[in-house]
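Descriptive analysis of the structure
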Amino acid sequence: MEDYHLAAVILKTFIRELPEPLLTYALYNDIVNFASVPGDDQAATMKALVASLPEENYASLRYLITFLAQVSANSEVNKMSNGNLAVVFGPNLLWGRDNAMSLSAIGPINSFTRALLDLQHLVFE
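Residues numbered from 1 in each chain as written. Predicted model: local features only at pLDDT ≥ 70, side-chain atom pairs only at ≥ 80, totals over all residues. Heavy atoms only, no water.

1. Regarding the nonpolar core
Note the threshold: Residues grouped as a nonpolar core are buried Ala, Val, Leu, Ile, Met, Phe, Trp, Tyr and Cys residues, joined through side-chain atoms within 4.5 Å. Between buried and exposed lies partly exposed: a residue is buried under 20% and exposed over 50% of the maximum accessible area for its type, with that area taken using a 1.4 Å probe on protein chains only. The numbering of helices and of strands both runs from the N terminus, where a helix is a DSSP run of H or I of at least 4 residues and a strand a run of E of at least 2. In what follows, residue pairs with any heavy atoms lying within 4.5 Å of each other are defined as contacts.
Core analysis: the biggest nonpolar cluster contains 32 residues, and Leu23, Met46, Val50, Leu61, Phe112 and Leu116 have the highest contact counts within it. Among the elements of the structure, α2 (28–32), α3 (42–51), α4 (55–72), α6 (82–93) and α7 (103–118) are those that each provide at least two residues to this core. Of the residues forming this core, the biggest block, six residues, is contributed by α7. Setting aside chain neighbours within four positions, we find Met46 in contact with Phe34, Phe112, Ala115, Leu116 and Val123.

2. Quick notes on the side chain of Asn110
Structurally, Asn110 is set in helix α7. Once residues lying within four places of it in the same chain are set aside, the contact partners of Asn110 are Ala86, Val87, Gly90 and Pro91.

3. Description of the packing of aromatic side chains
The test is simple: Two rings from Phe, Tyr or Trp (for Trp, the six-membered ring) form a pair when their centres sit within 6.5 Å of each other. Planes less than 30 degrees apart are called stacked, planes more than 60 degrees apart edge-to-face, and all others tilted. Placement of a charge over a ring requires the Lys NZ or Arg CZ to be within 6 Å of the ring centre, with the centre-to-atom vector within 35 degrees of the ring normal.
In the structure shown here, the tally under the stated rule is two aromatic pairs. Here Phe34 and Phe112 contribute two aromatic rings whose centre-to-centre distance is 5.1 Å and whose plane-to-plane angle is 90 degrees, an arrangement assigned as edge-to-face. Highlighted residues: Phe34 in the loop between α2 and α3 and Phe112 in helix α7, separated in sequence by 78 residues. Residue Phe112 is classed as buried on the basis of its relative accessible area of 1%. The side chain of Arg16 reaches across the aromatic face of Trp95, ending 4.3 Å from its centre.

4. Examining α4
Quick note on the threshold: To estimate how far a helix should reach, multiply one less than its number of residues by 1.5 Å. This arc describes the spread of directions from the helix axis toward the C-beta atoms.
For α4, which comprises 18 residues, the first-to-last C-alpha distance of 25 Å matches the rise-based estimate of 26 Å (1.5 Å per residue) to within 8%. Within the span of α4, buried status applies to Asn57, Leu61, Leu64, Ile65, Leu68, Val71 and Ser72. Angular distribution of buried residues about the axis of α4 spans 110 degrees; they occupy a single face of the element. Across α4 from its buried face, at more than 90 degrees, point the exposed residues Glu55, Glu56 and Tyr63. Summarising the contacts, the buried residues of α4 are in contact with α1 (4–16), α3, α5 (75–78), α6, α7 and α8 (120–123).

5. Topic: the packing of α3 against α7
Note the following rule: For every element, the axis is a line fit to its C-alpha atoms; helices are fit only across the contacting stretch, and the angle between N-to-C directions ranges from 0 to 180 degrees. To sort the angles, those under 35 degrees are grouped as roughly parallel, those over 145 as roughly antiparallel, those from 65 to 115 as roughly perpendicular, and the leftovers as oblique. Note on residue categories: nonpolar means Ala, Val, Leu, Ile, Met, Phe, Trp, Tyr, Cys or Pro, charged means Asp, Glu, Lys or Arg, and polar means any other residue, Gly included.
As a packed pair, α3 and α7 sit with axes 11 Å apart at the nearest point and diverge in direction by 100 degrees. Regarding the angle of α3 to α7, the classification is roughly perpendicular. Taken together, the residues of α7 that come into contact with α3 (itself represented by Met46, Leu49 and Val50) are Phe112, Ala115 and Leu116. Residues of the contact of α3 with α7, tallied by class, amount to six nonpolar, no polar and no charged.

6. A word on the layout of surface pockets
Which entries qualify depends on this criterion: Each cavity reported here is a set of points on a 1 Å grid over the protein atoms alone in which a 1.4 Å probe fits but cannot get out, each pocket an open set with protein on both sides within 12 Å along at least five of seven lines, and each lining residue one with an atom within 4 Å of a point. Grid points are joined across faces, edges and corners, and a volume is the space filled by probe spheres set on the points.
Of the volumes computed, that of the largest pocket is approximately 450 Å³. Lining the largest pocket are 15 residues, and of these Tyr4, His5, Ala8, Val71 and Met80 sit closest to its centre. Mapped onto the lining of the largest pocket, the elements with two or more residues apiece are α1, α4 and α6. Tallying contributions element by element places α1 first for the lining of the largest pocket, with seven residues. Class assignment of the residues belonging to the lining of the largest pocket gives a composition of 12 nonpolar, two polar and one charged. Forming the walls of the second largest pocket are 14 residues, and the residues nearest its centre are Phe14, Ile15, Leu18, Leu22 and Ser60. Among the secondary structure elements, those contributing two or more residues to the lining of the second largest pocket are α1 and α4. Broken down by element, the residue count for the lining of the second largest pocket peaks at six residues, all from α4.

Here it is in structure tokens:
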């Protein structure tokens, strides 16, 4: 595929068009408040949150995060670090029930996504 941007847009659109976010409405508050979890407990807390997802969501998230970790491994070439990927994909993985993204929630959702990418080897072991 020559146009990598098109593939990314299609992937983001597919995730965003799901009837419920991949990370589910049930986890919205836990994810938005994830920054209050002490650093030493973040991997275990994240693993428990992700494990509570429906089976299909868990499998899809695991596949997506594993793929994005591979993209990030080439960040020197593609400029897509975990932080950049979190900004691009975070708002597509979780949004509020009213389908609007609160400005106050964007940062925490992106931070959770960044931590998920950083800790994916522990969360999905």
